[in-house]
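# Analysis of the macromolecular model
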Amino acid sequence: MNTESVVEFLGNVPLLQKLPSSSLRKIAQVVLLKRYGKGDYVVREDQTWDGCYFIFEGEAQVSGPAEEDNRSEFLLKQFDYFGLGISGNVHSADIVAMSQLTCLVLPRDYCPLLETNSIWQSDTTVDKCSLVERILQLDPLELNIFRGITLPDAPKFGKVFGGQFMGQALAAASKTVDFLKIVHSLHSYFLLVGDIDIPIIYQVHRIRDGNNFATRRVDAVQKGNIIFILLASFQKEQQGFDHQQSTIPTVPDPETLLSLEELRERRITDSHLPRSYRNKVATANFVPWPIEIRFCDPSNSTNQTKSPPRLNYWFRAKGKLSDDQALHRCVVAFASDLIFSGVGLNPHRRKGLRSASLSLDHAMWFHRPLRADDWLLFVIVSPTAHETRGFVTGEMFNRKGELVVSLTQEALLREARPPKPSVTSKL
């Protein structure tokens, strides 16, 4: 049995799907193959615990009282496991092969590989990861249930940032599929505003598991209410047709452009901008994003200057990410919502305009492998806005000009309603 077939099998064991892919590859290299005939004892009660067993093929039964021998919950099938979480040093029951049985056994000395501080990296603690990776870190609570939080230094705009919902929900979905299957499309709906002060529970529904594709639905829950829904499809890598009609536009290299921090400093001192605007920028609470952004056409425009409904910018995650492709796609999903829908407001900006923007739905298609910690060009166009809804489309290219992601989003765009005057008593 070759290592890749072992890796693929382990990726389908629900217990192991929450682990970093690097941990699964390490486990695949140290598991032992054991075969048993029908009726053979796999382990005996009070036998010294020697590791964790994963059923690769066949069926086994946990022995119990005679009247309960045929109860289905005592039957172990492919992808089931036993031996993990034993209290003490011995097995607590007999396990008997009910057919020709093949097991993969992780020796007890390697069982610490089943525990990890991060769902993305096996060798690095969470506190040493990049900020965006920490934002996308989830706590597995039970099978298919994860908990995410809003970190104090995460982007937020008085509510849970939409990209955080997308990135965390996609992370939860990714941790319930064989890691050889990678997300190729997602569709999400924003239902209610999220509270930044309480955890978010992500409930994953395993809609379908096929040989090459898997489908997941994720409900994000706060205070008992579903506030966000994500539907994602995953595919195993396969050879097929390849063409690309879209071309990367001619834009400056990111190294020649200003960062958001540098652009902010320039705006504070730019005498061509209104003093009131410069003072507002200088006094605003500036929290650096975990995503580095460099606009391809920086100008003296402000958020109250009318401009065409389009925007190009380079972006990448700050810091080095692990090599897990699932993580890189979660980071891109997170970053895609930072400025996307706001481009639909460009033709309507004017002095004194106060606007309100809320994401309604967001869809992404991942065409090719990518790295979110290397520069990606985000090309955004807003074809239309009507009846308080703005629509934007986007394409992401890597530095070689390959189209790696296509996106669409619809958002609620409207003028902010003036606050109602407070009523004071005349008494």
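In case you missed it, the structure is sitting above this.
Overview of the structure. In this convention, every chain numbers its residues from 1, walking through the sequence in written order. Local features in a predicted model are, by the rule used here, given only for residues with pLDDT of at least 70; side-chain atom pairs are given and counted only at 80 or more, and totals for whole chains, interfaces and linings are based on all residues. Side-chain measures here rest on the full set of heavy atoms in the structure, leaving out hydrogens and waters.

## Notes on the pairing of strand 16 (residues 310-317)
Put simply, the rule is: For two strands to be treated as a pair, DSSP must find no fewer than two bridges joining them. Working definition: helices are DSSP H or I runs of at least four residues, strands are E runs of at least two. Numbering for both runs from the N terminus.
One ladder, built from five bridges, connects strand 15 (residues 291-295) with strand 16; its direction is antiparallel. In the sheet register, E292 faces strand 16, and the bridge partner there is R316. Where strand 16 and strand 18 (residues 376-386) come together, six bridges link them in antiparallel fashion. The partner of F315 across the bridge, within strand 18, is L376.

## A few points about the sheet that holds strand 6 (residues 81-82)
Pairing is antiparallel across the open sheet formed by four strands, whose spatial order is 1-8-3-6. Both edges of this open sheet fall to strand 1 (32-36) and strand 6, since each of them pairs with a single strand only. By the bridge criterion, five bridges tie strand 1 to strand 8 (residues 101-107) in an arrangement that is antiparallel. The partner of L32 across the bridge, within strand 8, is V105.

## A short note on the packing of aromatic side chains
By convention here, two paired aromatic rings are described through the distance between centres and the angle between planes. In plain terms, the rule: The criterion for an aromatic pair is that two Phe, Tyr or Trp rings (for Trp, the six-membered ring) have centres within 6.5 Å, with stacked assigned to planes under 30 degrees apart, edge-to-face to planes over 60 apart and tilted to the rest. Per-residue accessibility, obtained with a 1.4 Å probe over protein chains only, is compared with the maximum for each type, and a residue is labelled buried under 20%, exposed over 50%, and partly exposed between these values. Whether a charge sits over a ring depends on NZ of Lys or CZ of Arg being within 6 Å of the ring centre and within 35 degrees of the ring normal.
Counting across every chain of the model gives 13 aromatic pairs. With a centroid separation of 6.4 Å and an interplanar angle of 45°, the aromatic rings of F54 and Y81 are classed as tilted. Of this pair, F54 sits in strand 3 (residues 51-57) while Y81 is found in strand 6, placing the two residues 27 residues apart along the sequence. A relative accessible area of 0% places F54 in the buried class. In this structure an aromatic cluster arises from ring pairing among F295, Y313, F315, F340 and F378. Positioned above the aromatic ring of Y41, the side-chain terminus of R44 is 3.6 Å from the ring centre. The aromatic ring of W314 is capped on one face by R399, whose charged end is 5.8 Å from the ring centroid.

## A look at empty space enclosed by the protein
To be explicit about the condition: A cavity, in this analysis, means grid points on a 1 Å lattice covering only the protein atoms where a 1.4 Å probe fits yet has no way out; a pocket is instead an open set bounded by protein on both sides within 12 Å along at least five of seven lines, and a residue lines either one if it has an atom within 4 Å of a point. Grid points are joined across faces, edges and corners, and a volume is the space filled by probe spheres set on the points. Side-chain classes follow a simple rule in which Ala, Val, Leu, Ile, Met, Phe, Trp, Tyr, Cys and Pro form the nonpolar group, Asp, Glu, Lys and Arg form the charged group, and the remainder, Gly included, forms the polar group.
The tally for this structure, following the rule as stated, stands at two cavities of 30 Å³ or more. Estimates place the volume of the largest cavity at around 90 Å³. Residue contributions to the lining of the largest cavity peak at three residues, all from strand 11 (residues 181-190). Its residues assigned to classes, the lining of the largest cavity shows five nonpolar, two polar and three charged. For the second largest cavity, the calculated volume is near 30 Å³. Lining the second largest cavity are I291, I293, Y313, F315, A335, S336, L338, F378 and M396. Counting only elements with at least two residues in the lining of the second largest cavity, the list comes to strand 15, strand 16 and helix 7 (325-336). For the lining of the second largest cavity, the class distribution of residues is eight nonpolar, one polar and no charged.

## Let's talk about the packing of helix 4 (residues 162-174) against helix 7
How we decide: Fitting a line to C-alpha atoms yields each axis, with helices limited to the stretch in contact; the angle taken between N-to-C directions then spans 0 to 180 degrees. An angle below 35 degrees is read as roughly parallel, one above 145 as roughly antiparallel, one from 65 to 115 as roughly perpendicular, and any other as oblique. Working rule for handedness: look at the near helix, and if it is turned counterclockwise from the far one by less than a right angle, call the crossing left-handed; if clockwise, right-handed. When checking whether two residues touch, look at their non-hydrogen atoms; a contact exists if any pair is within 4.5 Å.
As a packed pair, helix 4 and helix 7 sit with axes 7 Å apart at the nearest point and diverge in direction by 160°. Taken together, the axis directions place helix 4 and helix 7 in an arrangement best described as roughly antiparallel. Two packed elements cross with a definite hand, and for helix 4 against helix 7 that hand is right-handed. Together, G163, Q164, M166, G167, L170, A171 and S174 of helix 4 and A326, R329, C330, A333, F334 and S336 of helix 7 make up the contact between the two elements. Looking at the contact of helix 4 with helix 7 residue by residue, the classes come out as seven nonpolar, five polar and one charged.

## A few points about the layout of surface pockets
Any empty space left between the atoms is revealed when a probe the size of a water molecule rolls over them. In this structure, the second largest pocket occupies an estimated 900 Å³ of space. Every residue lining the second largest pocket is counted, 24 residues in all, and those nearest its centre are E237, Q238, R329, H367 and P369. Within the residue set of the lining of the second largest pocket, elements represented by two or more residues are helix 2 (21-30), strand 11, strand 14 (225-236) and helix 7. For the lining of the second largest pocket, the element with the most residues is strand 11, which contributes three residues. Considering only residue class, the lining of the second largest pocket consists of seven nonpolar, nine polar and eight charged.

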